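The primary structure of each chain is shown beneath.
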Amino acid sequence: MSGTDQAERAPGQVELAIGGMTCASCANRVERRLNKLDGVTATVNYATEKARVVFDEGAAPIPVDRLIAQVEDAGYTAAVPEPPRPAGGDGPAEGAGAGPDPVQALRDRTLISLALSVPVIAMAMFPVLQFTYWQWLSLTLAAPVLVWGALPFHRAAWKNLRLGTATMDTLVSMGTLAAFAWSLYALFFGTAGEPGMVHPFELTIAPSDGAANIYLEVAAGVTSFILLGRYFEARSKRRAGAALRALLEMGAKDVAVLRDGTEQRIPVEELAEGDRFVVRPGEKIATDGTVEEGTSAVDMSMLTGESVPVEVGPGAQVAGATVNAGGRLVVRATRVGSDTRLAQMARMVEEAQNGKAEVQRLADRISGIFVPVVIVLAAATLGFWLGTGGGAAAAFTAAVAVLIIACPCALGLATPTALMVGTGRGAQLGILIKGPEVLESTRRIDTIVLDKTGTVTEGSMALAEVHVADGEDEAEVLRLAGALEHASEHPIARAIAKGAAERAGELPAVEDFANLEGRGVQGVVDGHLVLVGRTALLADWSQYLPEDLERAKAAAEVRGRTAVAVGWDGAARAVLVVSDTVKPTSAEAVRRFRELGLTPILLTGDTAAVAGSVAAEVGIDQVIAEVMPKDKVDVVKRLQGEGRAVAMVGDGVNDAAALAQADLGLSMGTGTDVAIEAGDLTLVRGDLRSAADAIRLSRRTLATIKGNLFWAFAYNTAALPLAAAGLLNPMIAGAAMAFSSVFVVGNSLRLRRFTAAD
């Protein structure tokens, strides 16, 4: 897939990779510049360094070249991103070019700057190290840090100056250059360069009159601390995006395709829709397709988390990246490239990480005005101290501390890092979060509506109960009835045959099989003439149900289940009950919903008797039954009209409208594509417990975002007055600023430890 294909993968939408951003203020500036174009709504994410441009409905798409030019006019670079590709460890991230690794380059700059800064800081802190002319060695070591180490800050500040704007780089550049310039003045034109000069230094929060003559340790130390913080941020952003690379790593690299009757090994990228390819035991299935030859068990755990292999045979659908655990299969490709289930999952993760939550928009707006306000505050601080006779050194110290402490890096990282880690962890657990606005929806939800078929229940018929007459052996009943039903294609017959085989083992052969339309089946099994079907069929042969079997049959039918009679050799022997069985995890899921403060409601088109039976089995008190598919959305609207915030869980086409109408739509990944597209959260597995996990993860991610924002706001609110009052040494201010960013990223990375509830 070309870069252009990647950029235009959705109608009316373009994605751009943005270069040159150093903080949230930069992202805010690019976003504002793009939004000046008519018919454009753009969001720029600082963490992923990507812009998503959506064209308003009815508006003509703007050429990509013009979008790129608009970004470049703002002083940044833009390009159509390359398709994501796998990368391991600290190697190049997805979409990275073949050039030097920017994270590696930043690491080198950080390590060299730290190596040069540590002696400068040590000599300034400990008078015992202040030998004669020590200050000149400090200048020799600090100068490369200020000129080369801080070069990215100076370049960005110069670019901002030419554009008439200011960012946190402006603050860093101004603060460190001011400290360096003051030191040069003191060394060459003052008395700081004289032999025997002693530089006292205290790591205390106390008023400072600037008695220290030079500030080289401040200039070098602040630069190194901020570089270190940015290096950790860069590594964290790469690690947070590892879920996307992990999804891409799951796919096969090559495939044995059948052409002209022979196998040819080709790269998986060359596989075309309609190609037939071979999958041997232990190999990954190259792409989504339909099995044409062979039977096997397929391990879906890599893609869905399902631990039990799924049996497949001719006609079965298989997904790319899953592992063939059994025999040889021949598969015809039905989806390739960006259309596969794996690619769709990767795309959903990427789009969620590129999105922007409302809380992040607030942070962006604040950071956009924060920098110029801080510059004004620093100038006012300098003027106040000079005007009140506090001394030039004390005034300079306070002003530089204001500039350094105010860097809004933590503010810009608060939301995107948490969002990236949360959505990435969700993908690993089979929970796909479509966008950041979903997180805010989960906070408000108080009611969860559950579709019955395929969501709470398995969605297919299965043998639920076996009732045998006195003196009969259950295994023998299942052997004979299962063998007869195995010869039939009816869904109820298949359910009985499957259940019999699982419970009684291998089934015997059938002779003289006959399908009696609407009544049942008959045939000879192990010398017995066996009848399976309606009670009327058995009555024709004078085989009547005894009283206990009649009661069992009536009880099953009251609950909406299907009861099938079994008889042979002149007597009715058993009643087999078939139904759409409740998933074994559904009751546990309902309990977890209640623990999350949600009221569960069962919604179904089935009869009230069937719905009531299922609801009682899983512990749901409220049931809405006999609802036509088109009326499901009306039910959701009615609940919303009652003031409820509604989540809807469904898996079918008839659930799509209700999923879209709900405040939060959770679609089962085992369901239809329409339902998956309509939902806000996709649950890859068919386990309803993952819906509870999805809500827990979303709420945890939102709480992390809020915690990050609180830390960033509280930090700046508390530290700025201290700095303006002259109570905060500039080097301590720089270290604290860098620490706040590392704290925010580290707090976000805690989401990687989120686990599904046992």
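None of the values given here were measured: they were computed from a predicted structure. Throughout, residues of each chain are indexed from 1 in the direction in which the sequence is written. Whole-chain, interface and lining totals are the exception, using all residues; otherwise, since this is a predicted model, local features are given only for residues with pLDDT of at least 70 and side-chain atom pairs are given and counted only at 80 or more. In computing side-chain properties, one takes all heavy atoms of the structure into account and sets aside hydrogens as well as water.

Chemist: I would appreciate a short explanation of the overall build of the chain in the present structure.
Modeler: Helix numbers and strand numbers start at the N terminus; a helix is a DSSP run of H or I with at least 4 residues, a strand a run of E with at least 2. The secondary structure content of the chain amounts to 27 helices and 26 strands. The 758 residues of the chain split such that 53% are buried. Every residue pair with non-hydrogen atoms within 4.5 Å of one another is taken to be in contact. Partitioning the intrachain contacts of the chain with sequence separation of at least 6 by distance along the chain shows that 70% fall at a separation of at least 24. On the chain, roughly 31300 Å² of surface is accessible, and the fraction owed to carbon and sulfur atoms is 57%. Classification of residues uses two cut-offs on accessible area relative to the type maximum, computed with a 1.4 Å probe and protein chains only: under 20% is buried, over 50% is exposed, and between them is partly exposed. Accessible surface is estimated by sampling points in the Shrake-Rupley manner with a 1.4 Å probe; for residues, cover comes only from the protein chains shown.

Chemist: For this particular structure, what's the right way to read the pairing of strand β25 (residues 664–668)?
Modeler: If a strand is regular, its side chains alternate between the two faces of the sheet. The buried fraction of β25 is high, at five of five residues. The alternating pattern of β25 places L664, L666 and M668 on one face and G665 and S667 on the opposite face, and all of these are buried. Two strands form a pair only when DSSP identifies at least two bridges running between them. By the bridge criterion, four bridges tie strand β24 (residues 646–650) to β25 in an arrangement that is parallel. What sits directly across from V649, in β25, is L666. One ladder, built from three bridges, connects β25 with strand β26 (residues 681–683); its direction is parallel. Pairing of S667 across the sheet is with T682, part of β26.

Chemist: Looking at this structure, I do not really get the nonpolar core. What am I missing?
Modeler: The definition of a nonpolar core used throughout is a set of buried Ala, Val, Leu, Ile, Met, Phe, Trp, Tyr and Cys residues joined through side-chain atoms within 4.5 Å. By size, the foremost hydrophobic cluster in this structure holds 47 residues, and its most contacted members are L450, F593 and L666. Considering each element in turn, this core owes the most residues, eight residues, to helix α26 (residues 689–724). Note that the domain bounds reflect an automated or database-derived domain assignment. Two domains each put at least three residues into this core: domain 2 (102–241 + 355–411 + 705–751) and domain 4 (431–456 + 583–684). Leave out the neighbours within four places in its chain, and L666 touches A647, M648, V649, G650, L659, L681, L683, A691, A694 and I695. In this structure, V120, L139, A186 and Y215 belong to the second largest nonpolar core, which totals 33 residues.

Chemist: Is there a simple way to think about the pairing of strand β19 (residues 528–533) in this case?
Modeler: Two elements, strand β18 (residues 520–525) and β19, share six bridges in a ladder whose sense is antiparallel. Of the residues in β19, the one forming a bridge with V524 is L529. Taken together, β18 and the strand that follows it, β19, pair antiparallel across an intervening segment of two residues, in which D526 is found at a positive phi of about 50°. Inspection of the sheet shows β19 paired to strand β20 (residues 562–568) by four bridges, in the antiparallel sense.

Chemist: Could you clarify how one ought to interpret helix α21 (residues 586–595) in this entry?
Modeler: Among the residues making up α21, those that are buried are S586, A589, V590, R592 and F593. All buried residues of α21 lie within an arc of 160° about the axis, which places them on one face of the element. The first or second residue beyond α21 is G597, which carries a positive phi of 85°. In this description, one arc is meant: the one made by directions from the helix axis to the C-beta atoms.

Chemist: What is the right way to read unusual backbone geometry from this model?
Modeler: Among all residues except glycine, the phi angle is most often negative; among peptide bonds, the trans geometry is most common. The phi angle at Y133 is positive, at roughly 65°, despite the residue not being glycine. Positive phi, close to 80°, is recorded for A321, a residue that is not glycine. Position of A321 relative to the elements: it lies in the loop between β11 (317–318) and β12 (323–324). Classification of A321 as buried rests on a relative accessible area of 1%.

Chemist: Sorry if this is basic, but what is going on with the sheet that holds β18 here?
Modeler: Sheets are built from strands that pair by backbone hydrogen bonding, the pairs being arranged parallel or antiparallel. In space, the six strands of this open sheet follow the order β16-β21-β20-β19-β18-β17, with antiparallel pairing throughout. If you trace the sheet from one side to the other, it starts and ends with β16 (457–468) and β17 (511–516), each paired once. The average undirected angle you get between the axes of adjacent strands in this sheet is 20°. Relative to strand β21 (residues 571–582), β16 runs antiparallel, the two sharing eight bridges. In the strand pairing of β21, T457 is matched with V582. Axis definition: a line fitted to C-alpha atoms, limited for helices to the stretch in contact. Angles are taken between N-to-C directions and run from 0 to 180 degrees.

Chemist: What is the right way to read the UniProt feature "transmembrane region" (unreviewed entry) in the chain from this model?
Modeler: The sites that UniProt annotates as "transmembrane region" (unreviewed entry) are residues 110–127, 133–151, 171–192, 212–232, 366–386, 392–415, 708–725 and 731–749. The annotated region residues 133–151 carries 89% helix and 0% strand content, and the separation between its end C-alpha atoms amounts to 27 Å. End C-alpha to end C-alpha, residues 171–192 measures 26 Å, and it is 86% helix and 0% strand. UniProt positions are given in the numbering used here, feature names are shortened, and annotations may be inferred rather than shown by experiment.

Chemist: Help me understand the sheet that holds β11, please; the structure alone is not making it clear to me.
Modeler: Taken in spatial order, the six strands line up as β6-β5-β7-β13-β8-β11 in an open sheet, and their pairing is antiparallel. Among the strands making up the open sheet, the edge pair consists of β6 (262–267) and β11. Of the strand pairs in this sheet, strand β5 (residues 254–259) and strand β7 (residues 276–279) are connected by three bridges, and their pairing is antiparallel. The residue of β7 that forms the bridge with L258 is R276.

Chemist: When you look at the packing of aromatic side chains in this model, what are you seeing that I'm missing?
Modeler: Here the distance between the centres and the angle between the planes together describe a pair of aromatic rings. Here is the rule: rings of Phe, Tyr and Trp (six-membered ring for Trp) pair when centre to centre is within 6.5 Å. Planes less than 30 degrees apart are stacked, more than 60 are edge-to-face, and the remainder are tilted. The tally for this structure, following the rule as stated, stands at two aromatic pairs. Residues W136 and F188 carry aromatic rings whose centres are separated by 5.4 Å and whose planes lie at 75° to one another, so their mutual orientation is edge-to-face. With W136 in helix α5 (residues 134–149) and F188 in helix α7 (residues 168–189), this pair connects stretches of sequence that are 52 residues apart. Residue class for W136 comes out partly exposed when judged on its relative accessible area of 26%.

Chemist: Quick question: what am I supposed to make of the packing of α5 against helix α6 (residues 151–162) here?
Modeler: When two helices pack together, their arrangement is given by the angle between the helix axes and the distance between those axes. Between α5 and α6, whose axes approach to 5 Å, the crossing angle comes to 45°. Here α5 is positioned oblique relative to α6, judged by the angle of their axes. Across the interface between the two elements, L146, V147, W148 and G149 of α5 pack against L151, P152 and H154 of α6. Residues that form the contact of α5 with α6 fall into these classes: five nonpolar, two polar and no charged. Any angle that is under 35 degrees is reported as roughly parallel, and any over 145 degrees as roughly antiparallel; angles of 65 to 115 degrees are reported as roughly perpendicular and all others as oblique. Each residue gets one of three labels, nonpolar for Ala, Val, Leu, Ile, Met, Phe, Trp, Tyr, Cys and Pro, charged for Asp, Glu, Lys and Arg, and polar for the others, Gly among them.

Chemist: Mind showing me how you'd approach a positive patch on the surface here?
Modeler: Each patch is built from salt-bridge-free residues with over 30% relative accessible area, joining like charges within 9 Å and nonpolar side chains (Val, Leu, Ile, Met, Phe, Trp, Tyr) within 5 Å. In the sections that follow, a salt bridge refers to a side-chain nitrogen of Lys or Arg positioned within 4 Å of a carboxyl oxygen of Asp or Glu. Charge assignment: positive for Lys and Arg, negative for Asp and Glu; neither His nor the chain ends contribute. By convention, the point assigned to a charge is CZ for Arg, NZ for Lys, CD for Glu and CG for Asp. A contiguous patch of positive charge on the surface is contributed by R700, R750, R752 and R753. Looking at the element boundaries, R752 is found in the segment after α27 (730–749).

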